[in-house]
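Spelled out from the first residue to the last, the chains are:
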Amino acid sequence: MMRKLIFSFFILLVIFVLGVVFFLKKFDADRFRPQLVEEIERVVGNPVKLGKLSLAWRGGIALNVDGLEVYQRGTESQIPAIAMEKAGAVLQPLPLLKKQIKLASLTVRKPRLEMILTKQGALQITGINPQTQPSAEPEKSQIAPAMIPLTFLIHAISVQEGQVTVRDERGALPVVIPIRNLNLTLKNVSLGSNGDLHADGALDASVFSQKKNLEFSGKMMWQISAGTFELGNARGEFDLAGVDVKELTENVPSAKAAAIQTPLAGEIKMNIDRLSVSPDGLRDIELQVSMNGGQLRTASLAAPIEAVDLKATIDEEKLSLEALSAKLAGGTVRLSGTLTDWKGEALSAMKADVENIALENFLPPVSAKEPQLHGRIGVSFEGNASGLKQPDVAKTLSGTGKYALKDGVIINFNLLRSLLEKLSMFPGLVGQIESSLPENLKEKFKKNDTVIEAVERPYQIREGKLMLSDFGFKTDTLEAKGSAEAALDGQVSGKINISIARDLSEAIDRQVPKLKYLEDSGGRVVIPVMFQGGFPKMMLVPDIQDISGRLATHAAADWVGEKLLKKKTGEPAGAKPSDLSILDDFIKTAANGAS
């Protein structure tokens, strides 16, 4: 008896399944396409082109769509703003009895869309312009049963091989982020009657790359009608190693300005406790960012920035750079700081320490014959600024610090020789001096390089200008003291007094007695020098006006003294022509523009 019952039940089950399969094959789902297109157009607010609809059985009633395209209204473009190759949904029939639409799965293949972050911080999707004005409310008696709110539940959503373009318009120039090979899985998806979409999600994708370099997971909530998107308990990892630098610089203005070069390296990790984006911008945020093993090379640096490690936190009021360290040109760089009110006035405080940087591996490369500054430099700084854009920061940056140089050498540049050659009012001066020098001093004139003794000095940055009020250095032939200013673009200007070593000064005096008037109390010839430009294209010029004034003053004093002495002794007054020739020489020199 039991065997007959089981057999009968099996026969009925087979008949039922066959009946369902027959129904699904014969049922023309495509006839509902116009109504579905109309409903989608109402939701997205733009024209829609929908592919063929069909039904099948895959553990439930499966609805398949052969393509979907959404076109932006008001444009002549024939390229859809949103497109997908295929989509399929498996519907579970029993929940319909409880006024629930429950899908076992929803699969979308090769979707393509563009997301825009507006200047106000709102997140928009090109092609979705939902109606904001509600239609007149129908009378209750006219409300059809189909319009009764349903709870929409999906066990899983799968997006395969998607392509998303993210366009950030908040800056002066837009930033475009191409995302390819996007695979997204959403679970526990629910869409309530108020339009809130909740889900647990995970994705992987290729960003500025042809291979997978991004992984992300977390909880999300999207209020479609309000345009609000929220993330919570989210984790993400981004690998810089596969980034296409050419594509990066073409789409990110800051990367282009920095002239970033191949290769990039490093892993960025992000923990998002909460993040909310509304039409008014970011309104709630708490996240942590870290980087390990970063590497970056730019055209302006001779060596790459390596071993970059970073740790930072961001919340509603403050961005805290807890630690940033890197290796650069054989030395180390350490930064820390805070940025408060980053959505408003943006006030920053920072501290930086740079140690043991090899200048020959740091400064931009030059030709073999051009002057090159070698040595190891250290810099410390502590200060503050306001603003987020580079011009605003440059204008407001202020603070104090110290710089130190050791093992300094200017290759292909003899500073003393170059300086004396520029004293054009004394033709052939270098040759005269060199011919009369003993061998040990001649070598100092012949050297191609200038060795700089170790130096440490304070500096100040005031409203974006580097102020070196105690600027100076020493070599084996001279000592320089003075002041200088530098802009953050590397352009330097200033004035220094260069005191030539006493043994060389004595040799100079023997050949050019007029230069004795430039000596200090220690018997050293002092030449005032003005300089301007950026290294190595630095223009170094003796201050002719200062030199001529000092020479004229001393010559006049000697002349007056001699005149008074001759008057006292009864000798004829008057100056020798050579006594006043200095004045005549410099007047002619200035008039001819020899400076």
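Scroll up a little and you will see the structure.
So, a few notes on the structure that sits alongside this text. (Residues numbered from 1 in each chain as written. Predicted model: local features only at pLDDT ≥ 70, side-chain atom pairs only at ≥ 80, totals over all residues. Heavy atoms only, no water.)

1. Brief notes about the nonpolar core
Within soluble globular proteins, side chains that are nonpolar tend to cluster in buried spots. Core analysis: the biggest nonpolar cluster contains 46 residues, and Leu-420, Leu-429, Phe-445, Phe-471, Ile-500 and Ile-527 have the highest contact counts within it. Core analysis: the next-biggest nonpolar cluster, separate from the first, contains 35 residues, Leu-103, Val-189, Ala-234 and Ile-285 among them. (Core = buried A, V, L, I, M, F, W, Y, C linked by side-chain atoms within 4.5 Å. Buried < 20%, exposed > 50% of the residue type's maximum accessible area, 1.4 Å probe, protein only.)

2. Section: helix α7 (residues 429-436)
Considered for burial, the residues of α7 that qualify are Leu-429, Val-430, Ile-433 and Glu-434. The buried residues of α7 occupy an angular sector of 120° when projected down its axis, which confines them to one face. On its buried side, α7 packs onto α6 (415-421), α8 (439-446) and α9 (502-511). (Helix = DSSP H or I, 4+ residues; strand = E, 2+ residues; numbered from the N terminus. Arc of directions from axis to C-beta. Contact = heavy atoms within 4.5 Å.)

3. Some words on helix α2 (residues 33-44)
For α2, spanning twelve residues, the distance from its first C-alpha to its last is 16 Å, which sits close to the expected 16 Å at 1.5 Å a residue. Just downstream of α2 lies Gly-45, where phi reads positive at about 75°. (Expected span 1.5 Å × (residues − 1).)

4. Looking at the packing of α7 against α8
Packing of α7 against α8 brings their axes to within 8 Å, and their N-to-C directions diverge by 150°. When α7 is examined against α8, the residues Val-430, Ile-433, Glu-434 and Ser-435 are found in contact with a partner set consisting of Lys-442, Phe-445 and Lys-446. Considered class by class, the residues forming the contact of α7 with α8 number three nonpolar, one polar and three charged. (Axes fitted to C-alpha atoms, helices over the stretch in contact; angles between N-to-C directions. Nonpolar A, V, L, I, M, F, W, Y, C, P; charged D, E, K, R; others polar.)

5. Notes on the packing of aromatic side chains
Each aromatic ring pair is summarised here by two numbers: the centre-to-centre distance and the angle between the ring planes. Taken as a whole and assessed by the stated rule, the structure comprises three aromatic pairs. Seen in terms of ring centroids, Phe-471 and Phe-473 are 6.1 Å apart; in terms of plane orientation they differ by 70°. Their pairing is edge-to-face. Since its relative accessible area comes to 15%, Phe-473 is described here as buried. Where Phe-471 meets Phe-531, the ring centres are 6.0 Å apart and the plane angle is 45°; that geometry is what we call tilted. One end of the pair, Phe-471, is in strand β25 (residues 465-474); the other, Phe-531, is in strand β28 (residues 526-534), and 60 residues separate them in sequence. Assessed through its relative accessible area of 8%, Phe-531 is described here as buried. (Phe/Tyr/Trp six-rings, centres within 6.5 Å; stacked < 30°, edge-to-face > 60°.)

6. Points about the pattern of salt bridges
According to the stated counting rule, one finds 25 salt bridges in the structure shown. Lys-447 is the salt-bridge partner of Asp-476, the closest N and O atoms lying 2.9 Å from each other. Separated by 29 residues along the polypeptide, Asp-476 in the loop between β25 and β26 (478-487) and Lys-447 in the loop between α8 and β23 (450-452) bring together distant segments of the chain. With a relative accessible area of 32%, Lys-447 lands in the partly exposed category. Beyond isolated ion pairs, a larger network of salt bridges with shared partners links Glu-85, Arg-109, Lys-110 and Glu-161. (Salt bridge = Lys/Arg side-chain N within 4 Å of Asp/Glu carboxyl O.)

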